[in-house]
Amino acid sequence: MTTPSSRTAPSTGAWITAVFVVFTLSGLDIATWLGRIPSVRDSLDASTFEMGLLVLGMAVGSIGGLTFAGHIVAKLGARRGVQVAALCLTAGMVFAGLAVTLGWGFAAIWIALIAFGFGNGLCDVSMNVSGAAAEKAGGRTIMPLFHAAFSLGTLAGAGLGALTEALGVPVAWHFIVLVVLTSAVMLVAVNRFQDEHRFEEHVATDTSPVPTQVSRWQVWAQPSTLLIGVIVLGMALAEGSANDWLPLAMIDGHGLDNAAGSAVLTVFLAAMTAGRVAGSPLIDRFGRVPVLRISAAVAVVGLGMLIYVDSVPVAIVGVVLWGLGASLGFPMGMSAAADDPRTAALRVSAVATIGYVAFLAGPPLIGFLGEHVGLLGALLVVFVFIIAAGLASGAARERGAAARATGGGGEGYGGGEPRLQAEDTMTDPASSGGGRDSR
């Protein structure tokens, strides 16, 4: 009888390539929405605060996707997670496009963005868990490169958004054609994913006498999980505030038109991509903590140039520095959360959920402040979170096998916390035997 374990598994190279594809297409989908925000605002004749509430719909859906992602990925695997996510992304984007073009109103777009956000959150955890396992299989730091692929996707999506804005392409046609193509390719690529659970059994090197078993909710009690979450929260806000507000900030604060505002987002995303491509060798050489601290400083300088200097060329230089500084925080947070492969799905889900608070609270907060002090002034709130991420960067120090692979400091896992073995408390205890962790 043929069992899943006896079938020929995809090679590590094919697995890594497939993860790159999924990251790229995920970024393309998200930036497709972001690149058409000026048209959405015009179609609704919405205020800045109303646009913040609209973006909140996607954040609400993302939180839901992240909440369920830990369970879905732990029980069914990252492959199934991406498959479900692709269907949600398709449904949400198609409905959103039709709602904008046919004038169905604010509520219809908000509902569509909840579905789109759910798929985005689920895909985020799924591809990061599989990417972390593929990174260990490859034996070198490649997580920033996966996120660089995501940035390349967002760069392409933002470029298409600026082009379709300039050409006046209906939002519905743009969304429908693109999401059908991207979802089809994503569903094909995900078949090359390896089973990250089976891989973890082979690579985990447990030297602790008796591992402590915890439920997925107890992962939240670990100080290191919360501190890594602060890093991801600050850098997610640095990245997400640009995605949500940079085109409108350039339009309202620096006098650009819709197409030029969307084009500046493309500049930001190009800087993010460059930072992530260059980041992998820097992390291998210097470690996560120094790179995180320098990244936070660069992001603060760039954001300050955008806000305080009344010059479009200087503002664009600031956008480049902002993008470079924000580029590595999220991928390094995901790698740090996945250092122990036995709790990777649980901690990645928890850390990503903390990070997505930025997408949940950020849009309405910046929108509300933007109504009173302008969008450029409202972006000052991002400073606080970037500084907090820099201060918490020590929690991302390489641990255990990750430290041995990179030469980083730290012993064990979680800075003195006991190494943990994931236990899915929803699983029948009788099914947790047989030499495999119950996930």
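Residues numbered from 1 in each chain as written. Predicted model: local features only at pLDDT ≥ 70, side-chain atom pairs only at ≥ 80, totals over all residues. Heavy atoms only, no water.

Secondary structure assignment for the chain yields 17 helices and 2 strands. When the 439 residues of the chain are sorted by exposure, 58% land in the buried category. Taking as baseline every contact in the chain between residues at least 6 positions apart, the subset at least 24 positions apart corresponds to 83%. Summed over its atoms, the accessible surface of the chain is roughly 16,200 Å², and 67% of this surface lies on carbon and sulfur atoms. (Helix = DSSP H or I, 4+ residues; strand = E, 2+ residues; numbered from the N terminus. Buried < 20%, exposed > 50% of the residue type's maximum accessible area, 1.4 Å probe, protein only. Contact = heavy atoms within 4.5 Å. Areas by Shrake-Rupley, 256 points an atom, 1.4 Å probe, with all protein chains shown as cover.)

Before going further, it helps to spend a moment on the environment of M58. As for its position among the elements, M58 is in helix α3 (residues 48-76). Since its relative accessible area comes to 9%, M58 is described here as buried. Note: C-alpha distance between M58 and F116 (58 residues apart in sequence) is 6.6 Å. Discounting chain neighbours no more than four positions away, the residues touching M58 are W33, L113, F116 and G117.

This paragraph deals with the packing of aromatic side chains. Note on aromatic pairs: each is described by the distance of the centres and the angle between the planes. Inspection of every chain in the model, using the stated rule, returns 6 aromatic pairs. Here F23 and F146 contribute two aromatic rings whose centre-to-centre distance is 5.5 Å and whose plane-to-plane angle is 15°, an arrangement assigned as stacked. Within this pair, whereas F23 is found in helix α1 (residues 12-34), its partner F146 is found in helix α6 (residues 143-167), the two being separated by 123 residues in sequence. The exposure class of F23 is buried, given its relative accessible area of 0%. Counting every residue linked through ring pairs, the aromatic cluster contains F20, F23 and F146. (Phe/Tyr/Trp six-rings, centres within 6.5 Å; stacked < 30°, edge-to-face > 60°.)

Inspection of the secondary structure puts G65 in helix α3. Between the C-alpha atoms of G65 and S349, which are 284 residues apart in sequence, the distance is 9.8 Å. Beyond its immediate stretch of four places on either side in the chain, G65 contacts F118, G121 and L122.

Going through the model one piece at a time under the given rule, you end up with 3 salt bridges. Where R36 meets E165, a salt bridge forms, and the shortest distance between an N and an O atom there is 3.2 Å. With a gap of 129 residues between them, R36 in the loop between α1 and α2 (37-44) and E165 in helix α6 connect regions that are remote in the sequence. We note a salt bridge from R276 to E239, for which the minimum N-O separation is 3.2 Å. Taken together, the residues R276 in helix α10 (residues 258-286) and E239 in helix α9 (residues 223-254) connect sequence positions 37 residues apart. (Salt bridge = Lys/Arg side-chain N within 4 Å of Asp/Glu carboxyl O.)

Our focus in this paragraph is a nonpolar patch on the surface. Nonpolar side chains collect at one region of the surface, where F95, L102, W104 and I111 lie side by side and expose about 400 Å² of accessible area between them. Tracing the sequence through the fold places L102 in the loop between α4 (78-101) and α5 (106-138). Given a relative accessible area of 51%, L102 falls into the exposed group. (Patch = residues over 30% accessible without salt bridge, like charges linked within 9 Å, V, L, I, M, F, W, Y side chains within 5 Å.)

What follows is about the side chain of T273. You can see T273 is positioned in helix α10. On the basis of relative accessible area, T273 is assigned to the buried category, the value being 7%. Non-local contacts of T273, meaning those with residues more than four positions away in its chain, are made with A148, S151 and L152.

For the rest of this paragraph, the subject is the confidence of the model for the chain. Looking at the chain, pLDDT values average 78 and 81% of them are 70 or higher. Across residues 1-8, where pLDDT falls below 50, the model places 3 contacts with residues more than four positions away in sequence or in other chains. The low-confidence segment residues 408-439, where pLDDT is below 50, has 77 contacts with residues more than four positions distant or belonging to other chains. (pLDDT = per-residue confidence, 0-100.)

To continue, consider helix α16 (residues 380-391). With 12 residues, α16 should cover 16 Å at 1.5 Å per step; its first-to-last C-alpha distance of 18 Å lies within 8% of that length. All buried positions along α16 are accounted for by V381, V382, F383, I386, A389 and G390. (Expected span 1.5 Å × (residues − 1).)

Between α9 and α16, the shortest axis-to-axis distance is 7 Å and the interhelical angle comes to 145°. The crossing of α9 and α16 is left-handed. Contacts between α9 and α16 involve V230, I231, L233, G234, M235, L237, A238 and S241 from the former and V382, F385, I386, A388 and A389 from the latter. Considering only residue class, the contact of α9 with α16 consists of 11 nonpolar, 2 polar and no charged. (Axes fitted to C-alpha atoms, helices over the stretch in contact; angles between N-to-C directions. Left-handed = near helix turned anticlockwise from the far one by under 90°. Nonpolar A, V, L, I, M, F, W, Y, C, P; charged D, E, K, R; others polar.)

Attention shifts here to a negative patch on the surface. Negative charge collects at one region of the surface, where D42, D45, E50 and E371 lie side by side. Examined against the element boundaries, D42 turns out to sit in helix α2. In this structure D42 comes out as partly exposed when scored by relative accessible area, which is 48%. (Lys, Arg positive; Asp, Glu negative; His and termini not counted. Charge placed at Lys NZ, Arg CZ, Asp CG, Glu CD.)

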